[in-house]
Amino acid sequence: MESIGVLLPIPMNTYLEQELEKRFNLFKLWKVPQKTQFIKDHADSIRAVIGNASSGADAELIDALPKLEILASFSVGLDRVDLKKCREKGIRVTNTPDVLTEDVADLAIGLMLAVLRRLCECDRYVRSGNWKDGDYKLTTKCSGKSIGIVGLGRIGSAIAKRAEAFGCKISYFSKSEKTHTNYKYYSNIMDLATNCEVLFISCSLTEETRHIVNREVINAIGPKGILINIGRGPHIEEQELVSALMEGRLGGAGLDVFEKEPEVPEQLFELENVVLAPHVGSDTVETCQAMADLVIRNLEAYFQNKPLLTPVV
Amino acid sequence: MHIKYIGDCQLFLAFQVKAELLFINLPSRESEAMGSQTNQQNQTETEAEQLPCVLVHRSPSIELHFLTNTLAPHFRLLDPHKSSIPIDSFLSLHAPSIRALVVAGLSPVTAETLRRLPSLELVVGTSAGLDHVDLSACRLGGIAVTGAGNAFAEDVADYAVALLIDVLRRLSAGHRFVRSGIWPVKGEFPLGSKLGGKRIGIVGLGHIGSEVAKRLMAFGCNIAYTSRNKKPSVSYAYHENVCDLATESDVLIVCCALTPATHHIINKDVMKALGKDGVIINVGRGALVDEKQLVESLTKGEIGGAGLDVFENEPDVPKELFDLENVVLSPHRAVLTPQSIQSLQQLVLANLKAFFANKPLLSPVQLE
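This one's a predicted model, so the numbers in the text were calculated from it and none came from an experiment.

Participant: Got a sec to walk through the overall build of chain B? Specific residues and values, please.
Facilitator: Each helix and strand counted, chain B has 15 helices and 14 strands in total. In chain B, the proportion of contacts linking residues at least 24 apart, taken out of those at least 6 apart, comes to 60%.

Right, dumping it as structure tokens:
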């Protein structure tokens, strides 16, 4: 398989890179000064592309790689992949579901706790020496808060299970009602936002869900509510979020994703009711290894004419 | 007098304190000296009409912030620091009628305190820990002590879990990373460690420890514990001592009471047993951990990380910890939310009412 060309557009994970290099002819695009020319030069041998949350395969790239047969994404989200075009051209697409579910859900709950209990602010308070001048103020109880989840898929369900252990009541909005749960279903996001104190975004990013959290929804969450986003930046109208936080119309936010990562609106930096994370939802040593292993196994299966493990297309 | 509690917590206390609750009507020295029967009769009748006395036991700088408003309608609160006569005289004067005291914050209750209150039968604690109360002396004096029961358990447990996720997933470090504007420049942020599947060792499976265990089960963690006694109704693995627990754990969460027996219970041996990837979360008392040793172990990389809400010498925190990215620091705030304060108010009121009605106390502390 060493002659099979695999394109890795950006650095993703050292272990993944090493494992790919062992097995394939790996092209590390970010190291090349003239990227377009490079792709032209090697188009005939590139049969696979590795994607992730910030890099996939749009129509332009697919057209530039006539020998492309499979896109294996080092992520569960595939919003950067032109799935329609892949289907048309018979290009297989795999992702990494399940192995990262727990980590993302853990981070979501961690962000909620950190916002409500001002954890990062407290840490800053101690490190700056302010504790000597007096106690930090009271913060809000987490246990028992009403939780709203947008998208009750694998990750949404894992968030719900954790929140229940904190005595929280769960409600959700999803494409369709899930009959296997007892959680309260709302048929639209406005009703959900109005009726919960903490709103989690855990659905996939599609045309329908782009900017699903707009000014109206943010106002419905309200000055005592908080918003947690572990989905994709474009789920939220970011400028509306920033102004709502600055004006106090939204009680707080925990954000792992942003519209134009890694750029983050500077107005958020000084807000004590906001916790920011550099897109680390699945960034643990254990999970990255599991994700990388899954990418490798999908590729090996494909090139050995065996069934793919986690195909989407 | 209006006292407004400041800060943006949702509980806003404004109350007017009537003078006679904090200042007593002193009989004149003459009549006291004379010990006239008429005066005594008058006093008896007046006392009968009055509410039961409760001493507000506090160090001068500590106020009984959250409880005065709740207790004032039901009890005659005696506060020696708000009296015009010297504290000693105040206490001598009222000692015969003081059967119960409420402790403001962490004001120490010593054997000396008890000696000056020969009629005392009940000490009402108002904090999660009771290491500032001489429990031995209470036991010897036949004095009952009530604790916070479950009032703070959920909030402390929430906080312990929050600290653990922060340490493992680098929440505070990541927050600093983004806020510094470095993300677009530097790009990579170090990977964290998965919480699911971690072996959690809980030191002290009381109210708080149980709530911590319940939460972490939902994250797919494995729970084990050590406690003074094995809990038969619980299915978590039990270890007889902290060292054994540490050997079998990835994380130690310290939630036990501080007593002479548990002072520095997390010591060099325990840290060594826990290992270089191990994490310590302390929401108990600073003195449960050998702080000097912890700092050394952390700076040398002999321990994986720590989340600390309490320290041996608050508010002093060892400066060496400020440079460490695998440490999360907190200014002793695990307990306090408006909701936990409300729970405490109800519990303290209920305990005092039960006491004066000769009914069982709601949250008595077992005195050993």
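Participant: Which residues make up the interface of chain A and chain B, and what are the values?
Facilitator: With 58 residues of chain A in contact, the opposing surface of chain B contributes 61 residues. Summing the contributions of chain A and of chain B, the shared interface buries around 5,300 Å²; its carbon and sulfur component is 61%. Together, Arg127, Trp131 and Leu138 of chain A form the three largest contributors to the area buried by chain A at its contact with chain B, with a combined 17%. The salt bridge partner of Lys194 of chain B is Glu102 of chain A, with a shortest N-O separation of 3.1 Å. Linking chain A to chain B there are 26 residue pairs in polar contact (both at pLDDT 80 or more). At the level of secondary structure, the elements contributing two or more residues to the side of chain A that touches chain B comprise α5 (101-116), α6 (119-127), α7 (154-164), β12 (274-276) and α11 (285-303) of chain A. Top contributing element to the side of chain A that touches chain B by residue count: α5 of chain A, with nine residues. Along the lines of polarity and charge, the residues of the side of chain A that touches chain B split into 29 nonpolar, 10 polar and 19 charged.

Participant: An account of the pattern of salt bridges is needed here, citing residue identities and associated values.
Facilitator: Applying the stated rule across the entire model yields 41 salt bridges over all chains. For the salt bridge of Arg23 of chain A with Glu300 of chain A, the shortest nitrogen-to-oxygen distance reads 2.6 Å. Of this pair, Arg23 of chain A sits in helix α1 (residues 14-23) while Glu300 of chain A sits in helix α11, placing them 277 residues apart in sequence. Looking at Arg23 of chain A, the relative accessible area reads 24%, which means it is partly exposed. Of the charged contacts, one joins Arg179 of chain B and Glu270 of chain A as a salt bridge, the two residues approaching to 3.1 Å between their closest N and O atoms. On the criterion of chain membership, the pair formed by Arg179 of chain B in helix α9 (residues 171-179) and Glu270 of chain A in the loop between β11 (252-255) and β12 is interchain, its members lying in two chains.

Participant: Which residues make up the sheet that holds strand β5 (residues 92-94) of chain A, and what values go with them?
Facilitator: All names here are of chain A. With respect to topology, five strands assemble into an open sheet ordered β2-β1-β3-β4-β5, the strand pairing being parallel. In this open sheet, the two strands that pair with only one neighbour each are β2 (25-28) and β5. Direction aside, the axes of adjacent strands within the sheet are offset by 20° on average. Two elements, strand β1 (residues 5-8) and β2, share four bridges in a ladder whose sense is parallel. Across the sheet, Leu8 pairs through a bridge with Lys28, a residue of β2.

Participant: An account of the packing of aromatic side chains is requested, with residue identities and associated values reported.
Facilitator: Tallied over the full model, the rule gives 12 aromatic pairs over all chains. Arranged with centres 5.2 Å apart and planes meeting at 70°, the rings of Tyr125 of chain A and Tyr136 of chain A form a pair that is edge-to-face. Of the two residues, Tyr125 of chain A is situated in helix α6 and Tyr136 of chain A in the loop between α6 and β6 (146-150); the sequence distance between them amounts to 11 residues. With a centroid separation of 5.7 Å and 40° between ring planes, the pair formed by Phe75 of chain B and Phe356 of chain B is classed as tilted. Of the two residues, Phe75 of chain B is situated in the loop between α4 (68-71) and β4 (76-78) and Phe356 of chain B in helix α15 (residues 338-356); the sequence distance between them amounts to 281 residues. Phe356 of chain B sits in the partly exposed class, given a relative accessible area of 22%. Joined through ring pairs, the aromatic side chains of Phe24, Tyr302 and Phe303 of chain A make up one cluster. Of note, Lys184 of chain A hangs over the ring of Tyr186 of chain A, and the distance from its end group to the ring centre comes to 5.1 Å.

Participant: How would you sum up the pairing of strand β9 (residues 222-226) of chain B? Please name residues and give values.
Facilitator: Residue and element names in this part refer to chain B. With four of its five residues buried, β9 lies for the most part within the structure. By the bridge criterion, five bridges tie strand β8 (residues 199-203) to β9 in an arrangement that is parallel. Bridge pairing in β9 links Ile200 to Ile223. Judged from the two bridges that link them, β9 and strand β10 (residues 237-238) form a sheet pairing that is parallel. In the sheet register, Ala224 faces β10, and the bridge partner there is Ala237.

Participant: Give a description of the sheet that holds strand β11 (residues 251-254) of chain B that names residues and reports values.
Facilitator: Residue and element names in this part refer to chain B. The sheet built from seven strands is open, its strands ordered β10-β9-β8-β11-β12-β13-β14 with parallel pairing. Since the sheet does not close on itself, it has two edges, and those belong to β10 and β14 (327-329), each with one partner. Taken together, the four bridges between strand β12 (residues 279-282) and strand β13 (residues 305-308) define a ladder with parallel strand orientation. Of the residues in β13, the one forming a bridge with Ile280 is Ala306.

Participant: Any chance you could break down the side chain of Ser297 of chain B for me, citing the residues and the numbers?
Facilitator: Residue and element names in this part refer to chain B. Structurally, Ser297 is set in helix α14 (residues 291-299). Residue classification places Ser297 among the buried positions, given a relative accessible area of 2%. Not counting residues within four places of it along the chain, the set of residues in contact with Ser297 comprises Met271, Glu302 and Ile303.

Participant: I'd like to hear about helix α5 (residues 87-94) of chain B, residue by residue, with values.
Facilitator: All names here are of chain B. Among the residues of α5, those classed as buried are Phe90, Leu91 and His94. Within α5, the buried residues cover an arc of 95° as seen down the axis, which keeps them to one side. Packing partners of the buried residues in α5 comprise β3 (53-57) and β4.

Participant: Requested: an account of the packing of helix α8 (residues 153-169) of chain B against helix α11 (residues 207-217) of chain B, with residues and values cited.
Facilitator: When two helices pack together, their arrangement is given by the angle between their axes and by how far apart the axes lie. Residues and elements named next belong to chain B. The contact between α8 and α11 brings their axes to 8 Å, and the two run at 50°. The orientation of α8 with respect to α11, classified from their angle, is oblique. In this structure, α8 crosses over α11, and the sense of that crossing is right-handed. Of the residues in α11, those touching α8 at Ala153, Glu154, Val156, Ala157, Asp158, Ala160, Val161 and Leu164 are His207, Ile208, Glu211, Val212, Arg215 and Leu216. When the residues that make up the contact of α8 with α11 are grouped by side-chain class, the tally is nine nonpolar, one polar and four charged.

Participant: Describe the confidence of the model for chain B, with residues and values.
Facilitator: Residues and elements named next belong to chain B. Averaged over every residue, the pLDDT of chain B is 88; residues scoring 70 or more account for 86%. Within the model, the stretch residues 1-45 combines pLDDT values under 50 with 49 contacts to residues more than four positions away or in other chains. Interface confidence for the predicted complex, given as ipTM, is 0.96, next to a pTM of 0.90.

Rules used in this analysis
Residues numbered from 1 in each chain as written. Chains lettered and ligands numbered in written order. Predicted model: local features only at pLDDT ≥ 70, side-chain atom pairs only at ≥ 80, totals over all residues. Heavy atoms only, no water. Helix = DSSP H or I, 4+ residues; strand = E, 2+ residues; numbered from the N terminus. Contact = heavy atoms within 4.5 Å. Buried area = accessible area lost by both parts, 1.4 Å probe. Salt bridge = Lys/Arg side-chain N within 4 Å of Asp/Glu carboxyl O. Polar contact = N/O pair within 3.5 Å; in protein donor to acceptor, adjacent residues only side chain to side chain. Nonpolar A, V, L, I, M, F, W, Y, C, P; charged D, E, K, R; others polar. Buried < 20%, exposed > 50% of the residue type's maximum accessible area, 1.4 Å probe, protein only. Pairing = 2+ DSSP bridges. Axes fitted to C-alpha atoms, helices over the stretch in contact; angles between N-to-C directions. Phe/Tyr/Trp six-rings, centres within 6.5 Å; stacked < 30°, edge-to-face > 60°. Lys NZ or Arg CZ within 6 Å of the ring centre and 35° of its normal. Arc of directions from axis to C-beta. Parallel < 35°, antiparallel > 145°, perpendicular 65-115°, else oblique. Left-handed = near helix turned anticlockwise from the far one by under 90°. pLDDT = per-residue confidence, 0-100.

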